[in-house]
Number of protein chains: 2
Amino acid sequence: MQTVKVKPGSSQRNWRTDRNYDIKVCPGLLEKAGILLKELGFSGKTVIITDSTVNKLYGSSLLHFLLSNGFDSSILQIPTGEEQKSLETATKLYIDLNNLKCERTTPIIALGGGVIGDLSGFVAATYMRGVPLVQIPTTLLAQCDSSIGGKVAVNHSGLKNLVGTFYHPRLTICDTDTLKTLSKREFNDGLAEVIKYGIILDKEFFVYLENSISQIHSLDNTALETIVNRSAAIKAGIVGKDEYDLGLRNILNYGHTIGHAIESSSRMTVWHGEAVAIGMVTEAKIAMRLGLLSESEVKRIVALLKEVGLPTEVPNVDQDQLIKAMQRDKKVVQGRIKFALPRGIGAADLT
Amino acid sequence: MQTVKVKPGSSQRNWRTDRNYDIKVCPGLLEKAGILLKELGFSGKTVIITDSTVNKLYGSSLLHFLLSNGFDSSILQIPTGEEQKSLETATKLYIDLNNLKCERTTPIIALGGGVIGDLSGFVAATYMRGVPLVQIPTTLLAQCDSSIGGKVAVNHSGLKNLVGTFYHPRLTICDTDTLKTLSKREFNDGLAEVIKYGIILDKEFFVYLENSISQIHSLDNTALETIVNRSAAIKAGIVGKDEYDLGLRNILNYGHTIGHAIESSSRMTVWHGEAVAIGMVTEAKIAMRLGLLSESEVKRIVALLKEVGLPTEVPNVDQDQLIKAMQRDKKVVQGRIKFALPRGIGAADLT
């Protein structure tokens, strides 16, 4: 028997192998988009993928900031909504990109929330085997969570993220001013994941959040920059240690075993962050029963979520439905439910 | 402005980041499949994806070799043919995999030729954001070329490989005995790429081929092992230096600018290797006109292809169609056609 040793990419350095990149966080950053892209060496054609809601708010200004920096940019607009995170929409976008004569070097700019980021990211990862991706998340959830970590996917056959891959952007631009056009409910929805970072990994940040909800809710620039930057740094740190979600990254699932189940059982009337908030409370109580969290820590978690205005109690959903949802999420293994529980506020050990 | 530096995967080692793997080449290797998979640490569920033709020949024996080594294996069979390299077939496979309760750790085994390798590879890369892939290529083209290098894709909207990614197997098993059930035409079709390696990179191998066509055509075990092993080593060497096809890897496109155009203009009546053979001759003559190849080198190339039984002259296709096909392949840039020409037999410089 003969053996050929294959060592993919062992001796190269280029934009695909050198995957380190920056997340820039600042109010008003959208207008720097063209300059930031030029600094990365991009020129010529770019394509913005966005939804109808975000397009109305920021599409034409982003287009202007790109055109005025010499880019030949177009906008591909899809309808707003989770149902667009599908292979069908991806398929339409492949054809649109081909019609626009996009090449392997043409950057795709994902402008919008989590659905746009996941969908555009998957399309960027797979169109012609991968083109450069720039993320411009415009919701708190996308800026603090979903745009970071390279997880891109579409739903299929009723299963969340069944088809996807890992693909990192070349740059992420977080303009915290875009958070000011979110509805209160959308903004709070994103805060659930922000609070989660404090609970699992950063006690100081948790205390900051306890003391700063009023500044955050009044959309103070410094507060917004702080929560986005700190959240991004925490998530980036975990991703740097467990890119492919094979171990360490699991702590990010705190609140999500129950959260996902509530979210899908509610047929999306309970939003992601809201469901995670309920999940975090329920799972905190489980952690307390297991001696991992103290009663006072659980009380602080519940108090902070309540102060934000997030729900903390399981809504009236069928328990069977919840269990079925957990089974679909592959969270039930040999009769046991898998949770990612905190061991004290901010006490996760990443080493 | 605050900046978060993201360094994906900077401090991890696991099956996804440690992407080095072996290509094993040997007659009769199929029966070792179970043992080789166990050696890699796999156990439990595996899924074989194959087509109806290959399934009839090798499906049940591979299944037996896996079951007898304790694997819980199933076969997903698709119809034979290039038209299966589609998002539609991939979509069906996602659902089948989910119905079989495949997890993120369940290896997919691609048993078949190039279509099966490209399609199953794409499905493995994207099902649940990536599951382990084992390639068992059964054609000469797949063993020597298409299974190596991580390029996986499906066709879409009439465009070859429009949707795909780069994804490497954990192991490739080349059982050279499977080459003995190929039709003469299929076997020769694969030889075109083998000869290409000699022309672009390995003069000694080219001379070996000139001297060994009769042993190769009589399917001598040593000859088959030699051509597969040498071809795999040459391609693996190039992939190791330019995984994402951003430069060096382009020399593998020798013969393909014209080859692809002929292949698609002929509506697949001219097969890939046949079209590449014609492309190599035409492009060798262009190289000669540019002073890159000598007349005697061109003659040796033509003579070897003829001895193999491959076509060497452009068939009766409409020139406009050829140009249109090259435009579709994005080979025509600003009025110029892009070729990857050899600079003397075996003389490419990989440094």
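For the structure, see preceding data.
Worth saying up front: this structure is predicted, and the values here are computed from it rather than measured.

Which parts of the structure should I look at to understand empty space enclosed by the protein?
If a probe as big as a water molecule is rolled over the atoms, it shows which places are left empty. With the rule as written, the count across this model stands at 3 cavities of 30 Å³ or more. Around the largest cavity sit Trp15, Arg16, Arg104, Met128, Arg129 and Gly130 of chain A together with Phe166, Tyr244 and Leu246 of chain B, which together line it. Taken together, the residues that form the lining of the largest cavity break down as 5 nonpolar, 1 polar and 3 charged.

Would you mind showing me how to read the interface of chain B and chain A here?
In this assembly, 67 residues from chain B lie in contact with 67 residues from chain A. Here chain B and chain A share an interface that buries about 6000 Å² over both sides, 56% of which is from carbon and sulfur atoms. On inspection of chain B and its partner chain A, the count reaches 4 salt bridges. Note that Asp245 of chain B is salt-bridged to Arg104 of chain A, the shortest N-O span being 3.9 Å. Applying the counting criterion to the chain B and chain A interface returns 17 residue pairs in polar contact (both at pLDDT 80 or more). Of all the secondary structure elements, the ones that give two or more residues to the side of chain B that touches chain A are strand 1 (2-6), strand 2 (21-26), helix 3 (87-99), helix 4 (114-126), strand 7 (151-156), strand 8 (159-166) and helix 8 (221-241) of chain B.

Explain helix 12 (residues 319-328) of chain A to me, please; I cannot follow it from the model alone.
Residue and element names in this part refer to chain A. Of the residues making up helix 12, those classed as buried are Leu322, Ala325 and Met326. Buried residues along helix 12 cover an arc of 100 degrees about the axis, so they all sit on one side. Turned more than 90 degrees away from the buried face of helix 12, the exposed residues are Asp320 and Lys324. Where helix 12 is buried, its residues touch helix 9 (256-265), strand 10 (332-333) and strand 11 (336-337). By the N-cap criterion, in which a side-chain oxygen at the helix start approaches the backbone nitrogen of a residue two or three places on, helix 12 is capped by Asp318, the distance to Asp320 being 2.8 Å. Phi turns positive, to about 60 degrees, at Lys330, one or two residues after helix 12.

Looking at this model, I keep getting lost on the sheet that holds strand 3 (residues 45-51) of chain B. Mind explaining?
Strands belonging to one sheet form pairs held by backbone hydrogen bonds; the direction of such a pair is parallel or antiparallel. Here 7 strands make up an open sheet; going across it, the order is 1(A)-2(B)-9(B)-6(B)-5(B)-3(B)-4(B) and the pairing mixed. Since the sheet does not close on itself, it has two edges, and those belong to strand 1 (2-6) of chain A together with strand 4 (72-78) of chain B, each with one partner. Strand-to-strand twist in this sheet, taken as the mean axis angle between neighbours without regard to direction, amounts to 20 degrees. Together, strand 3, strand 4 and strand 5 (108-112) of chain B form the strand contacts of helix 3 of chain B, whose direction differs from that of strand 4 of chain B by roughly 155 degrees. Here helix 4 of chain B sits on the sheet in contact with strand 3, strand 4, strand 5 and strand 6 (133-137) of chain B, set at roughly 170 degrees to strand 5 of chain B.

I would appreciate a short explanation of the relation of the copies chain B and chain A in the present structure.
What relates the pair of chain copies is a rotation about an axis plus a shift along that axis. Overlay of chain B on chain A (RMSD 0.0 Å): rotation 180 degrees, translation along the axis 0.0 Å. The transformation just described matches what one would write down for a two-fold rotation axis. A share of 100% of interface residues in chain B that are also interface residues in chain A marks the association as one of identical surfaces.

So what exactly am I meant to see when it comes to the packing of aromatic side chains here?
The geometry of an aromatic ring pair is captured by two quantities: the separation of the ring centres and the angle between the planes. All names here are of chain A. For the coordinates displayed, the defined rule picks out 4 aromatic pairs over all chains. An angle of 75 degrees between the planes, with centres 4.9 Å apart, marks the rings of Phe166 and Tyr244 as edge-to-face. Taken together, the residues Phe166 in strand 8 (residues 159-166) and Tyr244 in the loop between helix 8 (221-241) and helix 9 connect sequence positions 78 residues apart. As far as the burial class goes, Phe166 and Tyr244 line up, both buried.

In this structure, what is going on with the pattern of salt bridges? I would like to understand it.
Pairing of side chains with opposite charge becomes possible as their charged atoms draw close. Within this structure, the stated rule accounts for 33 salt bridges over all chains. Salt-bridge contacts for Glu243 of chain B lead to Arg19 of chain B; the nearest nitrogen and oxygen are separated by 2.6 Å. Of this pair, Glu243 of chain B sits in the loop between helix 8 and helix 9 (256-265) while Arg19 of chain B sits in the loop between strand 1 and strand 2, and the two are 224 residues apart along the sequence. Relative accessible area serves as the criterion here: at 0%, Glu243 of chain B is assigned to the buried category. Lys45 of chain B is the partner of Asp72 of chain B in a salt bridge, and the nearest nitrogen-oxygen pair spans 4.0 Å. With a gap of 27 residues between them, Asp72 of chain B in strand 4 and Lys45 of chain B in strand 3 connect regions that are remote in the sequence. Classification of Asp72 of chain B by relative accessible area gives partly exposed; the value is 44%. What emerges from the salt-bridge pattern is a single network uniting Lys5 of chain A together with Asp22 and Lys24 of chain B.

Conventions used here
- Residues numbered from 1 in each chain as written.
- Chains lettered and ligands numbered in written order.
- Predicted model: local features only at pLDDT ≥ 70, side-chain atom pairs only at ≥ 80, totals over all residues.
- Heavy atoms only, no water.
- 1 Å grid on protein atoms, 1.4 Å probe; cavity = no way out; pocket = protein on both sides within 12 Å on 5 of 7 lines; lining within 4 Å.
- Points joined across faces, edges and corners; volume = space filled by probe spheres on them.
- Nonpolar A, V, L, I, M, F, W, Y, C, P; charged D, E, K, R; others polar.
- Contact = heavy atoms within 4.5 Å.
- Buried area = accessible area lost by both parts, 1.4 Å probe.
- Salt bridge = Lys/Arg side-chain N within 4 Å of Asp/Glu carboxyl O.
- Polar contact = N/O pair within 3.5 Å; in protein donor to acceptor, adjacent residues only side chain to side chain.
- Helix = DSSP H or I, 4+ residues; strand = E, 2+ residues; numbered from the N terminus.
- Buried < 20%, exposed > 50% of the residue type's maximum accessible area, 1.4 Å probe, protein only.
- Arc of directions from axis to C-beta.
- Pairing = 2+ DSSP bridges.
- Axes fitted to C-alpha atoms, helices over the stretch in contact; angles between N-to-C directions.
- Least-squares fit on C-alpha atoms with pLDDT ≥ 70 in both.
- Phe/Tyr/Trp six-rings, centres within 6.5 Å; stacked < 30°, edge-to-face > 60°.

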